[in-house]
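Below are the chains, spelled out letter by letter.
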Amino acid sequence: MSLLKVISRRTFLQAKNVLPSLACGMRNVSDSTNLKDVMADLVPIKQKEVQAFRKSHGTKVIGEVMVDQLYGGMRGIKGLVTETSVLDAEEGIRFRGHTIPDCQEKLPKAPGGSEPLPEGLFWLLMTGELPTQQQTDAVSKEWAARGAVPSHVAQMLNNFPSSLHPMSQFSAAITAMNSDSKFAQAYTDGVNKASYWEYAYEDAMDLCAKLTTVAATIYRNLYREGTSVCPIDVNLDWSGNFAAMLGYDDEMFKELMRLYLTIHSDHEGGNVSAHTVHLVGSALSDPYLSLAAGMNGLAGPLHGLANQEVLVWITKLQEQLGGEVSDAQLKEFIWNTLQSGQVVPGYGHAVLRKTDPRYTCQRQFALEHLPDDPLFKLVSQIYKVVPDTLLEHGKAKNPWPNVDAHSGVLLQYYGMTEMNYYTVLFGVSRALGTLSSLVWDRALGLPLERPKSMSTEGLMKLTGAK
Ligand code: CMX
């Protein structure tokens, strides 16, 4: 029985008084607004579920591996357990079983808003259950209370040269904040491994709370003459506070942030940032060190930096071709990119084989709020021309746009024109998914990750080629 079914069944039985012993000894997991209490109830249930599953099916064979997969970035090899989300090549991401439109409909909103609150998504990723408004608001309040950044980190950020890329600053600050890691302290104090997850949870909550302040400090230092970040308002949600700290008070920018920080959070376990956080965490490096490592992966142009690269590419296109562009001119520009051995940023994916639903929901946002924006029109035109051109080129397995093809145009519209900064926003969001996964990694006692590698010589012998 799945975790969700176990919980629903237990809640049902409690409601019917069939399980009085459970009901009196335990909180009703669905009702508490304290996420840690809910997790404390869920962890032993999930541990038992996994234990029983491994006992009954632990030796079942679930796949085979071909030589090409070892040279091909391990595509398609099932080698990881990630509970928070699953990616389907055709359909796109589901967060704990929920599609993006489903999350947009069912997750709690800010007062007067229509986009989901990322705090609610965090609850969903952690617990597998859609939170109530009260549960979501409780996370907002807790993050607002935990948001202070250590003074040595603020000082370090203020001393960085403006030539240092925002992602390098972001990752360095996350590493340096591990001076406050409760997990690292607990490990040093010799805490029992059965409670590792609790300290990972504390660090995850602290990190989510502090990342927005760190990110806003970087933004203001680099692009707003070092003006100070406004204090956190405990009555505002996480994205609302983040927008204010960045210096944006447009309500629609806040809504955009809510959507943005929700959809970039998680993309199952094998992508570079998620896998890195999981891998580094498996050495019991604390959540700060693990997340910083993941952020260094996100900073690569084939991964999160692609959102910056898309805008750089579009800017070049505009410089070369001017305002209005014909489809034929556009196609020629794309061919030139491909012929010079570069990728078309924002297109293609290692797993997806259709338009990314994260692209679609951003396009929907644009159609609703900025339908006449010239840059949006250009992005839409690119969407019409690139897939056929990539197909004609004949290399990319997926010619469709990914999440990064659309985020920049929305940010530009609201005045955030500093494209070098875009990946930091991706990073703030990606923390939600990777840290929830990390808490479950420790709860399930997943061991040090150590797959087998082979030399070409060894592979040749194994396959009979030599
Ligand atoms: N433009 C040009 N060539 C592309 C391409 C693109 N957008 N997407 C794939 N290709 C090429 C690959 O470079 C590869 O070429 P070689 O055979 O010469 O090495 C070939 O097509 C086959 O690649 P693939 O199997 O389709 O794609 P991969 O799984 O290897 O790579 C990805 C996936 C995302 C790295 C690739 O599509 C790409 O480079 N896209 C552009 C960068 C980008 O948008 N990245 C963001 C992804 C989402 C995210 O993580 O944020």
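Relevant structure appears above.
Residues numbered from 1 in each chain as written. Predicted model: local features only at pLDDT ≥ 70, side-chain atom pairs only at ≥ 80, totals over all residues. Heavy atoms only, no water.

A.B. asks: In this structure, what is going on with the overall build of the protein chain? I would like to understand it.
C.D. replies: Scanning the protein chain from terminus to terminus reveals 22 helices and 2 strands. A globule of 466 residues ought to have a C-alpha radius of gyration of about 23 Å, and the protein chain, at 23 Å, matches this closely. Dimensions along the principal axes, computed over C-alpha positions, put the protein chain at roughly 70 × 65 × 45 Å. Burial status across the protein chain gives 49% buried among its 466 residues. Summed over its atoms, the accessible surface of the protein chain is roughly 21300 Å², and 54% of this surface lies on carbon and sulfur atoms. Distance between charge centroids for the protein chain: 9 Å, based on 42 positive and 49 negative side chains. (Helix = DSSP H or I, 4+ residues; strand = E, 2+ residues; numbered from the N terminus. Rg over C-alpha atoms; globule rule 2.2 N^0.38 Å. Buried < 20%, exposed > 50% of the residue type's maximum accessible area, 1.4 Å probe, protein only. Areas by Shrake-Rupley, 256 points an atom, 1.4 Å probe, with all protein chains shown as cover. Lys, Arg positive; Asp, Glu negative; His and termini not counted. Charge placed at Lys NZ, Arg CZ, Asp CG, Glu CD.)

A.B. asks: Could you clarify how one ought to interpret the site of the ligand in this entry?
C.D. replies: Contacts to the ligand come from 20 residues, most closely from H303, G346, K395, K397 and D404. Within the side chain of R75, a nitrogen or oxygen atom sits 3.0 Å from an oxygen atom of the ligand. Taking H303, its side chain carries an N or O atom lying 2.6 Å from an oxygen atom of the ligand. In isolation the ligand exposes 890 Å². Once the protein is present, 76% of that is buried. For the shell around the ligand, the per-class residue count stands at 11 nonpolar, 5 polar and 4 charged. (Near = heavy atom within 4 Å. Polar contact = N/O pair within 3.5 Å; in protein donor to acceptor, adjacent residues only side chain to side chain. Nonpolar A, V, L, I, M, F, W, Y, C, P; charged D, E, K, R; others polar.)

A.B. asks: Please clarify how a nonpolar patch on the surface should be interpreted in this entry.
C.D. replies: Together, V65, V67, L70, Y71, M74, I77, M454 and L462 make up a nonpolar patch on the protein surface, roughly 740 Å² of accessible area in all. Broken down by element, the nonpolar patch gets its largest block of residues, 3 residues, from helix α4 (residues 67-71). Secondary-structure assignment places L462 in helix α22 (residues 456-463). L462 gets classed as exposed once you look at its relative accessible area, which sits at 64%. (Patch = residues over 30% accessible without salt bridge, like charges linked within 9 Å, V, L, I, M, F, W, Y side chains within 5 Å. Salt bridge = Lys/Arg side-chain N within 4 Å of Asp/Glu carboxyl O.)

A.B. asks: I would appreciate a short explanation of unusual backbone geometry in the present structure.
C.D. replies: Negative phi values dominate among residues other than glycine, just as trans dominates among peptide bonds. Despite not being glycine, E225 has its phi angle at roughly 50°, a positive value. Checked against the element boundaries, E225 lands in the loop between α11 (196-223) and α12 (238-246). Using a relative accessible area of 76% as the deciding quantity, one classes E225 as exposed. Positive phi, close to 50°, is recorded for E268, a residue that is not glycine. Tracing the backbone through its elements, the reader meets E268 in the loop between α13 (251-263) and α14 (272-282). Residue classification places E268 among the partly exposed positions, given a relative accessible area of 24%.

A.B. asks: Sorry if this is basic, but what is going on with the pattern of salt bridges here?
C.D. replies: Working definition: two side chains of opposite charge can pair if their charged atoms are close together. Scanning the entire structure with this criterion turns up 19 salt bridges. The shortest N-O distance in the salt bridge between K46 and E83 comes to 3.6 Å. With a gap of 37 residues between them, K46 in helix α3 (residues 35-57) and E83 in the loop between α4 and β1 (85-88) connect regions that are remote in the sequence. Note on K46: relative accessible area 10%, which makes it buried. Of the residues examined, E83 reaches a relative accessible area of 23% and is grouped as partly exposed.

A.B. asks: When you look at the packing of aromatic side chains in this model, what are you seeing that I'm missing?
C.D. replies: Any two aromatic rings considered together are summarised by their centre-to-centre distance and by the angle between their planes. Scanning the entire structure with this criterion turns up 13 aromatic pairs. Aromatic side chains F122 and W143 sit 5.0 Å apart centroid to centroid with 65° between the ring planes, which places their arrangement in the edge-to-face category. Highlighted residues: F122 in helix α6 (residues 118-127) and W143 in helix α7 (residues 133-145), separated in sequence by 21 residues. By the burial criterion, F122 is buried, and W143 matches it. An aromatic cluster of at least three residues, connected via ring pairs, comprises Y219, Y223, Y248, F253, Y413, Y414 and Y421. (Phe/Tyr/Trp six-rings, centres within 6.5 Å; stacked < 30°, edge-to-face > 60°.)

A.B. asks: Even after reading the chapter, I still don't get the state of the cysteines, so can you show me in this structure?
C.D. replies: Here a disulfide denotes a covalent bond joining the sulfur atom of one cysteine to the sulfur atom of another. Counted according to the given criterion, the structure contains 0 disulfides. Cysteine C208 shares no disulfide, and the gap to the nearest cysteine sulfur, in C103, comes to 16 Å. Here C230 stays free of any disulfide, with the sulfur of C208 as its closest cysteine sulfur at 19 Å. The exposure class assigned to C230 is partly exposed, which follows from its relative accessible area of 29%. (Disulfide = S-S within 2.5 Å.)

A.B. asks: Would you take a moment to explain the environment of G120 for this structure?
C.D. replies: Relative to the assigned elements, G120 resides in helix α6. Given the relative accessible area of 0%, G120 is considered buried. On a C-alpha basis, the gap between G120 and K354 in space is 27 Å, while along the polypeptide they are 234 residues apart. Aside from chain neighbours lying at most four places away, what touches G120 is L107, P131 and T136. (Contact = heavy atoms within 4.5 Å.)

A.B. asks: Looking at this model, I keep getting lost on the packing of helix α9 (residues 166-176) against α11. Mind explaining?
C.D. replies: Helix-helix packing: each pair is described by the crossing angle between the helix axes and the interaxial distance. Close contact between α9 and α11 brings their axes to 10 Å; oriented N to C, the two are set at 140°. The angle between α9 and α11 falls in the class oblique. As for the relative orientation of α9 and α11, their crossing is right-handed in sense. Residues P166, Q169, F170, A173 and I174 of α9 pack against L207, L211, V214, A215, I218, L222 and Y223 of α11. Taken together, the residues of the contact of α9 with α11 break down into 11 nonpolar, 1 polar and no charged. (Axes fitted to C-alpha atoms, helices over the stretch in contact; angles between N-to-C directions. Parallel < 35°, antiparallel > 145°, perpendicular 65-115°, else oblique. Left-handed = near helix turned anticlockwise from the far one by under 90°.)

A.B. asks: Explain the pairing of strand β2 (residues 92-95) to me, please; I cannot follow it from the model alone.
C.D. replies: Across a regular strand the side chains alternate sides, sitting on one face of the sheet and then on the other. Two elements, β1 and β2, share 4 bridges in a ladder whose sense is antiparallel. Across the sheet, S85 pairs through a bridge with F95, a residue of β2. In sequence, β1 turns back onto β2 through a hairpin of 3 residues. (Pairing = 2+ DSSP bridges.)

A.B. asks: What exactly am I supposed to notice about helix α16 (residues 306-321) here?
C.D. replies: Count 3.6 residues to each turn of an α-helix, and residues three or four apart come out pointing the same way. Here α16 contains 16 residues, and its C-alpha end-to-end distance of 22 Å stays within 8% of the 22 Å for a straight helix at 1.5 Å per residue. Listing the buried residues of α16 in full gives A306, N307, Q308, V310, L311, W313, I314 and L317. Buried residues belonging to α16 abut α13, α17 (327-339), α19 (374-393), α20 (404-413) and α21 (422-443). Looking one or two residues beyond α16, the residue adopting positive phi is G322, at roughly 80°. (Expected span 1.5 Å × (residues − 1).)

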